[in-house]
Amino acid sequence: MIEAASKVLETSETEKDKVTKTLGKVMIPTNTLHFTLMVLRLDKDVESEDQKRAKTALGQAACRLWKQYKDSREKLSLDVQGMGDFRGQVVFAKLKEGHSHETMVHFSDVVNTSFEENDISDTDGKRSFKPHLTIVKLSRIHGRRMKKIPKKLYSDYEDTFFGTQQIQSIQLCSMDKEKQSNGYYHIEHEAIIGPEGRLSHRT
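These numbers come from a predicted model, not from an experiment.

K.L.:
Account for the overall build of the protein, with residues named and values stated.
P.N.:
Within the protein one finds four helices and seven strands. Reading the protein from its N terminus to its C terminus gives the helix and strand order α-α-α-β-β-α-β-β-β-β-β. When the 203 residues of the protein are sorted by exposure, 40% land in the buried category. Of all intrachain contacts in the protein linking residues separated by at least 6 positions in sequence, the fraction that spans at least 24 positions is 71%. When the accessible area of the protein is evaluated, it comes to approximately 12000 Å², of which 45% is carbon and sulfur surface.

Shown next as structure tokens:
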């Protein structure tokens with residue numbers, strides 16, 4: 001399971017180590033791990049016009065992806081391998097170079113295109129898309145003393161294979177609304193990757 005990647009930093013040092021205690025506050029809970037395809041700013045009301053357009057775009061993207069991958073469901077399996085960081089502020093697990101990395105980049109392109117066709121743009125603009133699975137993020141705590149995450153904590157795992165994740169749906173999640181009882185984000189809409197881009201609404 002891809003959750004194995006987040007376990008690496010939990011066991012990198014002893015529980016008494018000050019660094020590990022700090023990391024415990026900035027680690028992303030395993031039940032919220034996800035791949036972000038794009039970031040949106042929408043009205044919180046699910047009946048609003050932009051939410052309706054987002055729901056339509058989500059279904060269109062899922063349907064398009066199904067048409068492209070229906071002959072080989074194995075292509076929707078993504079291998080998670082290696083670790084990296086963004087300027088020492090974020091540590092993440094990588095998608096394996098080649099098929100897995102290229103597939104996620106293509107997913108992002110298809111989703112972005114579908115949303116743009118429905119007059120909804122990514123708030124990150126034209127920033128280069130870099131598929132990643134965030135494990136540690138220093139911005140999760142305020143007044144932090146640690147300026148950067150020590151690379152020694154994960155350098156031994158930079159090429160480690162963590163597992164394979166099967167992609168079955170695309171979700172539109174809210175970062176602002178209360179999380180579900182299982183700790184995962186509130187899901188506004190979810191589109192199953194299938195012939196009709198079948199949608200389900202979560203409340």
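K.L.:
Would you mind going over the packing of aromatic side chains in detail, with residue names and values included?
P.N.:
Counted according to the given criterion, the structure contains three aromatic pairs. Where Tyr-184 meets Tyr-185, the ring centres are 5.7 Å apart and the plane angle is 65°; that geometry is what we call edge-to-face.

K.L.:
Describe the nonpolar core, and please don't skip the residues or the numbers.
P.N.:
In this structure, Phe-107, Phe-115, Ile-170 and Ile-193 are the most contacted members of the largest nonpolar core, which totals 39 residues. Looking at this core, the elements that each hand over two or more residues are α3 (49–69), β1 (77–86), β2 (90–95), α4 (99–117), β3 (133–137) and β5 (169–174). Ranked by the residues each element gives to this core, the list is headed by α3, at seven residues.

K.L.:
Summarise the pairing of β2; cite the residues concerned and give the values.
P.N.:
The buried fraction of β2 amounts to five of the six residues, a majority that puts the element mostly inside the structure. As paired elements, β1 and β2 share five bridges and run antiparallel to each other. In the sheet register, Gly-84 faces β2, and the bridge partner there is Phe-92. Linking two consecutive strands that pair antiparallel, namely β1 and β2, is a turn of three residues; a positive phi of about 50° is found at Arg-87 within it. Summarising the sheet, β2 and β3 pair through four bridges and their orientation is antiparallel. Within the sheet, the bridge partner assigned to Ala-93 lies in β3 and is Leu-133.

K.L.:
How would you explain the packing of α3 against α4 if you had to name every residue and give the values?
P.N.:
Packed helices, taken two at a time, are described by the angle between their axes plus the distance between the axes. One can describe the packing of α3 onto α4 by two numbers: an axis separation of 8 Å at closest approach and a directional angle of 140°. Compared by their axis directions, α3 and α4 come out oblique. In this structure, α3 meets α4 at a crossing whose hand is right-handed. Each of Ala-54, Ala-57, Leu-58, Gln-60, Ala-61, Arg-64, Leu-65, Gln-68 and Tyr-69 in α3 lies in contact with α4, whose residues at this interface are Thr-103, His-106, Phe-107, Val-110, Val-111, Thr-113, Ser-114, Phe-115 and Glu-117.

K.L.:
Requested: an account of α4, with residues and values cited.
P.N.:
Since one α-helical turn is 3.6 residues long, residues separated by three or four positions face the same way. In this model, α4 (19 residues) spans 27 Å end to end at C-alpha, consistent with the 27 Å of a helix rising 1.5 Å per residue. Among the residues of α4, Ser-100, Thr-103, Met-104, Phe-107, Ser-108, Val-110, Val-111, Asn-112, Ser-114 and Phe-115 are the ones counted as buried. Positive phi appears at Asp-119, one or two residues downstream of α4, with a value of about 60°.

K.L.:
Any details on unusual backbone geometry? Residues and values, ideally.
P.N.:
With glycine set apart, most residues show a phi of negative sign, and most peptide bonds adopt trans. Phi is positive for Arg-87, which is not a glycine, with a value near 50°. Here Arg-87 is to be found in the loop between β1 and β2. Positive phi, normally seen in glycine, also occurs at Asp-119, with a value near 60°. Structurally, Asp-119 can be placed in the loop between α4 and β3. In this structure Asp-119 comes out as exposed when scored by relative accessible area, which is 65%.

Rules of the game
- Throughout this description, residue numbers start from 1 for each chain and increase along the sequence as written.
- For this predicted model, a pLDDT threshold of at least 70 governs which residues receive local features, and a threshold of 80 or more governs which side-chain atom pairs are given and counted, while totals over whole chains, interfaces and linings are taken from all residues.
- Side-chain numbers here rest on the full set of heavy atoms in the structure, without hydrogens or water.
- The way it works is that DSSP assigns letters per residue, a run of H or I at least four long becomes a helix, a run of E at least two long becomes a strand, and they are numbered from the N terminus.
- Only protein chains enter the accessibility calculation, which uses a 1.4 Å probe; a residue is then buried when its area is under 20% of its type maximum, exposed when over 50%, and partly exposed in between.
- Note on contacts: a residue pair qualifies if any of its non-hydrogen atoms lie within 4.5 Å across the two residues.
- Using a 1.4 Å probe, the Shrake-Rupley method yields the accessible areas, and only the shown protein chains count as cover for residues.
- Only Phe, Tyr and Trp rings are paired, with Trp represented by its six-membered ring, and only when their centres lie within 6.5 Å; those with planes under 30 degrees apart are stacked, over 60 edge-to-face, the remainder tilted.
- Residues belong to a common nonpolar core when they are buried Ala, Val, Leu, Ile, Met, Phe, Trp, Tyr or Cys residues joined through side-chain atoms within 4.5 Å.
- Strand pairing is assigned whenever DSSP identifies at least 2 bridges connecting the two strands.
- Orientation is described by lines fitted to C-alpha atoms, with helices fitted over the stretch in contact, and by angles between N-to-C directions that extend from 0 to 180 degrees.
- Throughout, the term roughly parallel applies to angles under 35 degrees, roughly antiparallel to angles over 145, roughly perpendicular to angles from 65 to 115, and oblique to all others.
- Put simply, a crossing is left-handed when the front helix is turned counterclockwise from the back one by less than a right angle, and right-handed when it is turned clockwise.
- The span one expects for a helix is its residue count, reduced by one, times 1.5 Å.

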